[in-house]
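# Geometric and topological summary
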Amino acid sequence: MNMHLRTLLSCVALLGALTAHAASGAVTALVGGRLIDGFGGPPLDRSVVLIEGERIKAVGTVDSLPVPSGAKVISTAGMSVLPGLWDAHVHTYLLGHSNYTHWDKTYGSSPRLAKEIMPAAAHQLLLAGVTSARDLGAPLEAIVEVRDRINRGELLGPTLYVAGPFLQHAPYPGTENFRWGINGAADARAKVRKLAAAGVNIIKLIDQDQMTEEEVKAIVEEAHAHNLPVVAHAHRPNEIRLGLKYNVDCFEHIGLATAPGYPQDILDLLAERTAKMSLGPMFWTPTVSVLYNYEYLRDNPMQLDDPAWQLDVPADIRADIQGSIRHPGQLGYFQITPLRRPTLETKFHQLQRAGVVLLVGTDSGIPMNFHSSSTWREMDTWVNKMGVDPMTTIRAATYWPAVQMKVEKDYGSISEGKYADIIAVNGDVLRYIDLLQHVDVVIKHGVQRK
Ligand SMILES: [Zn+2]
């Protein structure tokens, strides 16, 4: 057989296969909605998104892109269609219980963590429209197992990028299974290598101002040698200074307790860092909504009764959580929060002006901060309290976190060839961002989950 004939025949075979594929309904078409693709340009009205298998096949409009016959059509008329959300800071090992000591002791080393608690958190995140999340701190074996089970399709949840245990100077008593102490540079390298071998996606560094500089340097160098980004807490000034000095990739939390703003030397260091294009963006996840909204929640606790956070949570654990948050105004954890709230706007705007790329992340799972609603609340706080425009906010929950994890070729936007991680919500989210509290359609890797 000559080459031309062979090519022709295989083309015909391929065409036949494709036709059969389409006829069997393997193409899904989202038709009619207003598309926000994640790239930041104007939205595309009356859009058509074609999905084949796990991936996006084509993007157009009802005028430019015909829907193949046999496609499964999902009408998105009157809806905003956007990339599946990312939450850049979740803790699936927590479900909003207010007493960490009790939680860690009761569930921290229990098989229920990987069998019940983390799967419930993951399912709740997915139904809230979160199709990707960074899990920044959890017992190692449990979180790797849950991530892998989600990836194999055995559990419903977002694609997880996991840190496993926090690396810090010394674990707080009773938290040794998810906080690893560091004792010297060699130990730092060994622990990072152990995490890399276990398959984590990211390294979580905290309390680095209590470490030696050699230890901080060793952690970041060893992580980067294994292509693992490093996220670091930014609560205290020296955590930020050391993180910048040794090139961490992303800071977490707005930090600095009740101080009115970041000290000038830190702003200068940040500006020097963000001037270096070749290092890529400096990322920062401020996690402001849980702080900003505490007083409102204390005085209007009806959201604590939302059944959404109870989905898949066994009755005894649900009762345990409910009992712990019966008096939301009496939790020691939050007593300083009203003093922090008036400082949040200034700090947020200082970071924006310093040129860091802010990410939407929520610390989901900490007291009264439920996986079922944390992400839209953070976005709502950015838009309606911090004055961020909705498109920038959406990109901070889609495009940019994918860039931070270096997976933007596959995730974070709606364009040809990307994984079909797509959500749709009735109404105009560019005008009313809080519509995201009722996500109507969730598609992950081409499969409709809501
Ligand atoms: Zn956290």
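In what follows, the accompanying structure is described. (Residues numbered from 1 in each chain as written. Predicted model: local features only at pLDDT ≥ 70, side-chain atom pairs only at ≥ 80, totals over all residues. Heavy atoms only, no water.)

## With respect to the overall build of the protein
The helix and strand tally for the protein stands at 15 helices and 19 strands. Relative to its length of 450 residues, the protein is compact, with a C-alpha radius of gyration of 23 Å against a globular reference of 22 Å. For the C-alpha atoms alone, the extent of the protein along its principal axes is close to 70 × 55 × 45 Å. Across the protein, every contact between residues at least 6 apart in sequence was considered, and the portion connecting residues at least 24 apart equals 73%. (Helix = DSSP H or I, 4+ residues; strand = E, 2+ residues; numbered from the N terminus. Rg over C-alpha atoms; globule rule 2.2 N^0.38 Å. Contact = heavy atoms within 4.5 Å.)

## Observations concerning the nonpolar core
In this structure, I203 and W284 are the most contacted members of the largest nonpolar core, which totals 107 residues. A per-element tally of this core places helix α3 (residues 112-127) first, with nine residues. The residues contacting I203, other than those within four sequence positions of it, are L167, V192, L195, I219, A223, L228, P229, V230 and V231. Among the nonpolar cores identified, the runner-up in size contains 18 residues, and A163, F283, A402 and V403 belong to it. (Core = buried A, V, L, I, M, F, W, Y, C linked by side-chain atoms within 4.5 Å. Buried < 20%, exposed > 50% of the residue type's maximum accessible area, 1.4 Å probe, protein only.)

## Regarding the layout of surface pockets
Of the voids in this model, the largest pocket is the one considered here, and its volume is about 790 Å³. In this structure, the largest pocket is lined by 34 residues; those nearest its centre are Y100, R179, H235, Y333 and D363. For the lining of the largest pocket, the secondary-structure elements that each account for two or more residues are α2 (100-107), α9 (289-292) and α12 (337-353). It is α2 that provides the largest number of residues to the lining of the largest pocket, a total of four residues. Residues belonging to the lining of the largest pocket are distributed by class as follows: 15 nonpolar, eleven polar and eight charged. For the lining of the second largest pocket, the elements supplying multiple residues, two or more each, are α9, α10 (294-299) and α13 (374-384). Split into classes, the residues belonging to the lining of the second largest pocket amount to twelve nonpolar, eight polar and five charged. (1 Å grid on protein atoms, 1.4 Å probe; cavity = no way out; pocket = protein on both sides within 12 Å on 5 of 7 lines; lining within 4 Å. Points joined across faces, edges and corners; volume = space filled by probe spheres on them. Nonpolar A, V, L, I, M, F, W, Y, C, P; charged D, E, K, R; others polar.)

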